[in-house]
Amino acid sequence: MGVKQALKSLDAFPRAEDHLLQKTQSGALVSIIGLVIMATLFLHELRYYLTTYTVHQMSVDLKRGETLPIHINVTFPSLPCDVLSVDAIDMSGKHEVDLDTNIWKLRLNNHGHIIGTEYLSDLVEKEHEAHNHDDDKDHDKDSDQKTHSHGFDQGAETMIKKVKQALANGEGCRVYGVLDVQRVAGNFHISVHGLNIFVAQMIFDGSSHVNVSHIIHDLSFGPKYPGIHNPLDGTERILHDASGTFKYYIKIVPTEYRYISKEVLPTNQFSVTEYFSPITEYDRMWPAVYFLYDLSPITVTIREERRSFLHFITRLCAVLGGTFALTGLLDRWMYRLIEAVSKPKSRSRFQ
């Protein structure tokens, strides 16, 4: 008996007899409010436990000999597709014009609607074939010599008329696709540099009339992962009665995203600064949009992790226990307040 009594004395939750318990309307109201709050907090904690969070780590980049994918999607509302070219130059001096990659050009009308599609590699090949064919022709006549020395032939004259008509109609061009370049510092640019200088002069009547206004819909250096922010997406640079060269200086940070499923996604994120150099009618340079990139020697690893179940139980006990204690305290305050207000009234009735 002594042991049982000693054990009972340790009971932190003594029970009262049922006939000693008093249930009130205020207590019921507080109980309902407490249950709603506890259910809401429970669902919030459950969602917090089920969602993942990310941990960032940095280390030296050890990758070698890999290619760098560049995803581009840029619209030039004031330049037809026939005059635009995409060139890439890396730090070793390699200049790639006929890129072995997937680049498409979409012809746009003055309202921005698509009116035609062309594959850029095919266009470059056609231009090279045309130049090779011109080199093999005989230049016996003086007029023909002048024509070929300035890069003019029947095809060039036809293209000049076509481009002038497109400019008059307000045609634009969207360039999109993927460039696969070497994993070294370099640049790629979109410009009218693919044109013969005399052809370009005939079309635009000077470099100051080339409008390189552009809208960057997407520019990235690899697949996208949750939470990535590409700072150039949605960038608009529209020129009015002016011309010049845009240069975007990009710092690429190699990144690995490790999912909770252990899947690894190699990609890149980047930061950027930009510079605009206006061109006057006396300048001999032709406008362009340059993207100059360099790679960071540090790689960032982003790893998804999930909170432990013990952490979830600890937070749940703290939240639910705190809510239960607070509602109990509120119930006692309301009961005493109602009792204090009702007692004077009952006394006045007996008097």
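Note that the structure is a prediction, hence the values are computed from the model and not measured. (Residues numbered from 1 in each chain as written. Predicted model: local features only at pLDDT ≥ 70, side-chain atom pairs only at ≥ 80, totals over all residues. Heavy atoms only, no water.)

> Break down the overall build of the chain for me, with residues and values.
Of regular secondary structure, the chain possesses seven helices and 14 strands. Considering the chain as a whole, with its 351 residues, one finds that 34% of them fall into the buried category. Taken as a whole, the chain presents about 22500 Å² of accessible surface, with 57% of it coming from carbon and sulfur. (Helix = DSSP H or I, 4+ residues; strand = E, 2+ residues; numbered from the N terminus. Buried < 20%, exposed > 50% of the residue type's maximum accessible area, 1.4 Å probe, protein only. Areas by Shrake-Rupley, 256 points an atom, 1.4 Å probe, with all protein chains shown as cover.)

> If you had to explain the side chain of Thr301 to someone new, which residues and values would you point to?
By the secondary structure assignment, Thr301 is in strand β14 (residues 298-306). Setting aside its immediate chain neighbours within four residues, Thr301 contacts Val55, His56, Gln57, Glu256 and Arg258. (Contact = heavy atoms within 4.5 Å.)

> Provide a residue-level description of the state of the cysteines, including the pertinent values.
All chains considered together, the criterion is met by one disulfide. Disulfide partner of Cys81: Cys173, at an S-S distance of 2.1 Å. Disulfide Cys81 to Cys173: torsion about the S-S bond roughly 100°, handedness right-handed. Of this pair, Cys81 sits in the loop between β2 (67-76) and β3 (85-90) while Cys173 sits in strand β7 (residues 172-182); the two residues are 92 residues apart in sequence, bridging distant segments of the chain. Owing to a relative accessible area of 0%, Cys173 belongs among the buried residues under this scheme. (Disulfide = S-S within 2.5 Å.)

> Residue-level account of the packing of aromatic side chains, with values.
Scanning the model with the defined rule gives 10 aromatic pairs in all. With a centroid separation of 4.8 Å and an interplanar angle of 15°, the aromatic rings of Phe188 and Phe291 are classed as stacked. Within this pair, whereas Phe188 is found in strand β8 (residues 186-191), its partner Phe291 is found in strand β13 (residues 288-295), the two being separated by 103 residues in sequence. The same class applies to Phe188 and to Phe291, which are both buried. Clustering of aromatic rings is evident, with ring pairs tying together Tyr49, Phe309 and Phe312. Sitting above the plane of the Tyr290 ring, Lys247 keeps its charged end 5.8 Å from the centroid. Stacked on the ring of Tyr48, the Lys or Arg Arg307 has its end atom at 3.8 Å from the ring centre. (Phe/Tyr/Trp six-rings, centres within 6.5 Å; stacked < 30°, edge-to-face > 60°. Lys NZ or Arg CZ within 6 Å of the ring centre and 35° of its normal.)

> Any chance you could break down the UniProt feature "transmembrane region" (unreviewed entry) in the chain for me, citing the residues and the numbers?
Here the UniProt feature "transmembrane region" (unreviewed entry) sits at residues 28-50 and 312-330. Spanning residues 28-50, this segment combines 100% helix with 0% strand, and its end C-alpha atoms are found 33 Å apart. Between the C-alpha atoms that bound residues 312-330 the distance is 27 Å, and the span itself is 100% helix and 0% strand. (UniProt positions renumbered as here; feature names shortened; annotations may be inferred.)

> Hey, could you go over the pairing of β14 for me, with residue numbers and the actual values?
As defined by bridge partners, strand β1 (residues 52-60) adjoins β14 across nine bridges and the pair is classed as antiparallel. In the strand pairing of β14, Val55 is matched with Arg303. Sheet topology note: the strand β11 (residues 244-258)/β14 ladder contains four bridges and is parallel. Looking across to β14, one finds that Thr255 is bridged to Val300. (Pairing = 2+ DSSP bridges.)

> Pulling in residues and values, what's your account of the side chain of Ser85?
Here Ser85 shows up in strand β3. Residues in contact with Ser85, not counting those within four places in the same chain, are His189, Ile190, Ser191, His193 and Gly194.

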